[in-house]
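# Descriptive analysis of the structure
If you want the building blocks of each chain, they are given just below.
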Amino acid sequence: MLTSALQERLDVRKLATQEACFEGGSDLASLNRFKQALVNDSGKVDYRIKFYLNESYRPRVEGELKGNVQLACQRCMQPMPWQVNASFDVAIVLSEEQLKHVPKEEEAITAEDGEIVILELMEDELLLALPIVQYHPENGCNVQLEWGKNEVEPVVEKTAKDNPFKILETLK
């Protein structure tokens, strides 16, 4: 098991053959696309990533990502803590032609020149793990959530209007 920092580009065939496993943490500041969805980029995401060959001897990568981040509450726009958890198991193909032969129920990525940028895959999975819309619990926001609760609506008494067709009753 390797606990060193992840390199920029990784040779997937070599790592899958060796069944390499990486564990560690990545600063949120180094995840450029992911940090744009956050209130701030302080903190880190812990990862466990394993490369292996499946029964068809195709390279695959599986991983787990966990971290605590600060998202903007969509109700009050204030920071709120969120624990992000993502897991993935992805087939790695070397060309677009090989991609056509991957079963539809499996997720796959293309590795140009047999290498992938693992931080890009991590960012993709983290972005997919974020909620579409996030809120504090209902009593956790400092904004007025309901209007008119204490206001009393004036009661308007209905008065009988004169019916202009009432005169027609006398014609019978």
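Everything discussed here concerns the structure shown above.
Residues numbered from 1 in each chain as written. Predicted model: local features only at pLDDT ≥ 70, side-chain atom pairs only at ≥ 80, totals over all residues. Heavy atoms only, no water.

## With respect to the pattern of salt bridges
Counting across every chain of the model gives eight salt bridges. Note that Asp 46 and Lys 44 form a salt bridge whose closest N and O atoms lie 3.5 Å from each other. Between Glu 106 and Arg 60 there is a salt bridge whose closest N-O contact spans 2.9 Å. Here Glu 106, found in the loop between α3 (96-99) and β6 (108-110), pairs with Arg 60, found in strand β4 (residues 59-72); they are 46 residues apart in sequence, far enough to count as distant. (Salt bridge = Lys/Arg side-chain N within 4 Å of Asp/Glu carboxyl O. Helix = DSSP H or I, 4+ residues; strand = E, 2+ residues; numbered from the N terminus.)

## Some words on the nonpolar core
Most often, soluble globular proteins keep nonpolar side chains buried together rather than apart. Ranked by size, the top nonpolar core spans 34 residues in total, and within it Phe 34, Ile 49, Phe 51, Val 61, Leu 65 and Ile 118 carry the most contacts. Broken down by secondary-structure element, the contributors of at least two residues to this core are α1 (12-18), β3 (44-53), β4, β5 (79-93) and α4 (118-129). (Core = buried A, V, L, I, M, F, W, Y, C linked by side-chain atoms within 4.5 Å. Buried < 20%, exposed > 50% of the residue type's maximum accessible area, 1.4 Å probe, protein only.)

## Focus: the pairing of β3
The side chains of a regular strand alternate, first on one face of the sheet and then on the other. Direction of pairing for strand β2 (residues 21-27) relative to β3: antiparallel, over a ladder of seven bridges. Across the sheet, residue Phe 22 finds its bridge partner in β3, namely Ile 49. Relative to β4, β3 runs antiparallel, the two being bridged by nine bridges. If you follow Val 45 over to β4, its bridge partner there is Gly 67. Counted along the chain from β3 to the antiparallel partner β4, the turn is five residues long, and its residue Tyr 57 has a positive phi close to 60°. (Pairing = 2+ DSSP bridges.)

Such coordinate-based values are descriptive only and should not be taken to indicate function.
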